[in-house]
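Each chain, letter by letter, is given below.
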Amino acid sequence: MNDKKKISMAVIRRLPKYHRYLQELLDKGVMRISSKELSKIIGFTASQIRQDLNNFGGFGQQGYGYNVQELFLGIQEILALKQTYKTVIIGAGNMGQALANYPWNQTSGFEIQALFDINPKLVGLTIHGLHIYDIETLSDYIQENQINVAFICTPKERAQEIADILSKTSIQGIWNFSPIDLDGLDDIVVENVHLSDSLFVLSYLLNEDADEESERR
């Protein structure tokens, strides 16, 4: 897997989009597709698609295009989606509950085991079939149940504290929804999800469209 480390994160971050669109093509019964046809569907240029996929070798052939199922399964393997990741959600508020309700088992190997919270009104409840535990039991639960991944959905004031606790456990990865970048986690893979960043991009695009419309008038 050392070769994968040399591939740019820009390429890696495009792979989930390939995976999603290829799944839709399979659902429609499409078995073969060219880079040009895929370009029209996915929004990347045909050249970009070929360059991205050539990083991993063995996909597609000139004059034939891509075998959709083979490409889908190949990207699924590259993204390690067939592996099982025992996961907990920390923060059982609206975001945590929304993630708990998502059908992870149908789309990836992330298996949600439990939620954790500090709120005594939530501790002890069952949400979407998952028990909510007291945050004080987090470390013991992770060790006893061999948890691999944690989703952090706490307010930003608590996120780093939670991350520090996780750094002393067997956790290998964190998906962080708190609006703060986590520090001091050299041995844990962290993916920060800042929803406001995407929203601000939307704001820019809306304003750009408004400016263009104004110029046309």
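Residues numbered from 1 in each chain as written. Predicted model: local features only at pLDDT ≥ 70, side-chain atom pairs only at ≥ 80, totals over all residues. Heavy atoms only, no water.

- Within an unreviewed UniProt entry, the label attached to the protein reads Redox-sensing transcriptional repressor Rex, and the organism entered is Filifactor alocis.
- Reading the Subunit (unreviewed entry) entry of the UniProt record for the protein gives the comment "Homodimer." (UniProt positions renumbered as here; feature names shortened; annotations may be inferred.)

Focus: the UniProt feature "DNA-binding region" (unreviewed entry) in the protein
Inference 1: Here, UniProt's "DNA-binding region" (unreviewed entry) annotation points to residues 17-56.
Inference 2: Secondary structure across residues 17-56 divides into 70% helix and 5% strand, with the first and last C-alpha atoms of the span separated by 16 Å. (Helix = DSSP H or I, 4+ residues; strand = E, 2+ residues; numbered from the N terminus.)

Section: the packing of helix α3 (residues 35-42) against helix α4 (residues 46-54)
Inference 1: Orientation of α3 relative to α4, taken along the N-to-C sense of each, is 105 degrees, at an axis distance of 8 Å. Classified by the angle between their axes, α3 and α4 sit roughly perpendicular to one another. Contacts between α3 and α4 involve S35, K36, L38, S39 and I42 from the former and A46, I49 and R50 from the latter.
Inference 2: Grouping the constituent residues of the contact of α3 with α4 by class yields four nonpolar, two polar and two charged. (Axes fitted to C-alpha atoms, helices over the stretch in contact; angles between N-to-C directions. Parallel < 35°, antiparallel > 145°, perpendicular 65-115°, else oblique. Contact = heavy atoms within 4.5 Å. Nonpolar A, V, L, I, M, F, W, Y, C, P; charged D, E, K, R; others polar.)

Quick word on helix α8 (residues 138-145)
Inference 1: Taken together, the buried positions of α8 are occupied by L138, Y141 and I142. The buried side chains of α8 occupy one side of the element, clustering within an arc of 100 degrees when seen end-on. Opposite the buried face of α8, by more than 90 degrees, sit the exposed residues D140 and E144.
Inference 2: Tucked into the core, α8 has its buried residues touching β3 (85-90), β4 (110-117), β6 (130-134) and α9 (156-166).
Inference 3: A positive phi of about 50 degrees marks Q146, the residue just after α8. (Buried < 20%, exposed > 50% of the residue type's maximum accessible area, 1.4 Å probe, protein only. Arc of directions from axis to C-beta.)

Side note on the pairing of β4
Inference 1: Sheet topology note: the β3/β4 ladder contains six bridges and is parallel. Residue pairing for β4: I90 is matched across the bridge by F116.
Inference 2: Sheet topology note: the β4/β6 ladder contains three bridges and is parallel. Each bridged residue has a counterpart across the sheet, and for F116 the counterpart in β6 is Y133. (Pairing = 2+ DSSP bridges.)

Some details on the environment of I112
Inference 1: By the secondary structure assignment, I112 is in strand β4.
Inference 2: The buried category is assigned to I112, whose relative accessible area is 13%.
Inference 3: I112 sits 72 residues away from K40 along the chain, and the two C-alpha atoms are 36 Å apart.
Inference 4: Ignoring anything within four residues of it in the chain, the contact list for I112 reads T87, I89, W104, L130 and F151.

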